[in-house]
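Topology and contacts: notes
Residue-level listing of the chains:
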Amino acid sequence: MKLTINGNLFRNRRKELKMTQVELASNLTSQTVVCSLEHGVIPKLEVLAEIMQRLSLSLEDVFPNSPFCLSKLDELKIKLDNENYRQVWSGLEKIKKTALVSS
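Summary of the structure given here. (Residues numbered from 1 in each chain as written. Predicted model: local features only at pLDDT ≥ 70, side-chain atom pairs only at ≥ 80, totals over all residues. Heavy atoms only, no water.)

Remarks on a nonpolar patch on the surface
- Judged by side-chain polarity, Val88, Leu92 and Ile95 come together as a nonpolar surface patch covering roughly 290 Å² of accessible area.
- With respect to the element layout, Val88 can be found in helix H6 (residues 72-102). (Patch = residues over 30% accessible without salt bridge, like charges linked within 9 Å, V, L, I, M, F, W, Y side chains within 5 Å. Areas by Shrake-Rupley, 256 points an atom, 1.4 Å probe, with all protein chains shown as cover. Salt bridge = Lys/Arg side-chain N within 4 Å of Asp/Glu carboxyl O. Helix = DSSP H or I, 4+ residues; strand = E, 2+ residues; numbered from the N terminus.)

Given below as structure tokens:
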């Protein structure tokens, strides 16, 4: 599967934030890389991740049709599962401590 990227998303978000390409690239990459990104060319992963962070873009924003992106419901389910796990573990810890005190 070939990943494609919507360069307009990056351009529009950068402009919403009133940033120039040079400002976005600052201490990270070159203005040329940002320009290429805005034309759909995917840069190195580290650069893409930092640019996404600087523009407050999520994986779902950038790759909306990717099977690698979790839906919001999937994310909530994982968080709930993790929280339930913590609660169960905490309950087991309390049982162990109570059992030790009772014996």
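Let's pick the thread back up.
Observations regarding the pattern of salt bridges
- This structure, assessed with the given rule, holds 4 salt bridges.
- Here Glu38 ties to Arg11 by a salt bridge, and the two come within 3.7 Å at their closest N and O atoms. Taken together, the residues Glu38 in the loop between helix H3 (31-37) and helix H4 (45-54) and Arg11 in helix H1 (residues 7-16) connect sequence positions 27 residues apart. Like Arg11, Glu38 is buried.
- The closest approach of N and O atoms between Glu50 and Arg54, which form a salt bridge, is 3.0 Å. Note that Glu50 and Arg54 are positioned in helix H4 at a spacing of 4 residues, about one turn of the helix.
- Residue classification places Arg54 among the partly exposed positions, given a relative accessible area of 27%.
- Within the structure, one salt-bridge network assembled from shared partners comprises Arg11, Arg14 and Glu38. (Buried < 20%, exposed > 50% of the residue type's maximum accessible area, 1.4 Å probe, protein only.)

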